[in-house]
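Structure assessment
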Amino acid sequence: MQQADEGGPSGMRQLEEGERLELIDQLKAKWDDVNATYQRSSVLSLASLDTIGKVKRKEMYEAQLAQIERDIEKLSKKVVYVAIDE
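Here the structure is a predicted model, which is why all the values come from computation and not from measurement.

One can describe the packing of helix 1 (residues 17-40) onto helix 2 (residues 52-75) by two numbers: an axis separation of 10 Å at closest approach and a directional angle of 160 degrees. In this view, helix 1 runs roughly antiparallel relative to helix 2, as classed from their interaxial angle. Between helix 1 and helix 2 lies a crossing of left-handed hand. Facing helix 1, whose interface residues are Arg-20, Leu-23, Ile-24, Leu-27, Lys-28, Lys-30, Trp-31, Val-34, Asn-35, Thr-37 and Tyr-38, helix 2 presents Lys-58, Tyr-61, Glu-62, Gln-64, Leu-65, Ile-68, Glu-69, Asp-71, Ile-72 and Leu-75. Of the residues belonging to the contact of helix 1 with helix 2, the class tally is eleven nonpolar, three polar and seven charged.

The next thing to look at is the pattern of salt bridges. On inspection of all chains with the given rule, the structure shows three salt bridges. Here Arg-20 ties to Glu-17 by a salt bridge, and the two come within 2.8 Å at their closest N and O atoms. Residue Arg-20 and its partner Glu-17 are located together in helix 1, separated by three residues, close to a single helical turn. Glu-17 gets classed as partly exposed once you look at its relative accessible area, which sits at 37%.

Moving on, we come to helix 1. With 24 residues, helix 1 should cover 34 Å at 1.5 Å per step; its first-to-last C-alpha distance of 35 Å lies within 8% of that length. Those residues of helix 1 that are buried are in contact with helix 2.

Each value, and the rule that gives it
Residues numbered from 1 in each chain as written. Predicted model: local features only at pLDDT ≥ 70, side-chain atom pairs only at ≥ 80, totals over all residues. Heavy atoms only, no water. Axes fitted to C-alpha atoms, helices over the stretch in contact; angles between N-to-C directions. Helix = DSSP H or I, 4+ residues; strand = E, 2+ residues; numbered from the N terminus. Parallel < 35°, antiparallel > 145°, perpendicular 65-115°, else oblique. Left-handed = near helix turned anticlockwise from the far one by under 90°. Contact = heavy atoms within 4.5 Å. Nonpolar A, V, L, I, M, F, W, Y, C, P; charged D, E, K, R; others polar. Salt bridge = Lys/Arg side-chain N within 4 Å of Asp/Glu carboxyl O. Buried < 20%, exposed > 50% of the residue type's maximum accessible area, 1.4 Å probe, protein only. Expected span 1.5 Å × (residues − 1).

By themselves, these observations are geometric and do not establish any function.
In structure tokens, the structure reads:
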């Protein structure tokens, strides 16, 4: 494998600043969309969590939001490396 940038891991390239910021913006929009759907759903009140389906749906929304938050956190670092497309 080749090194794309000096000092970078083999088989990886540094994400360009514009690309990194665009991904962060897209993830924030996705978070807003998932959160809006979550807020509109009936799974927020404990009294409405009367079926397994509602509980699973609530857990799914919360897992999606947490994953998007982790992805934004990773991309918020100044230097981000991604695999080289071959």
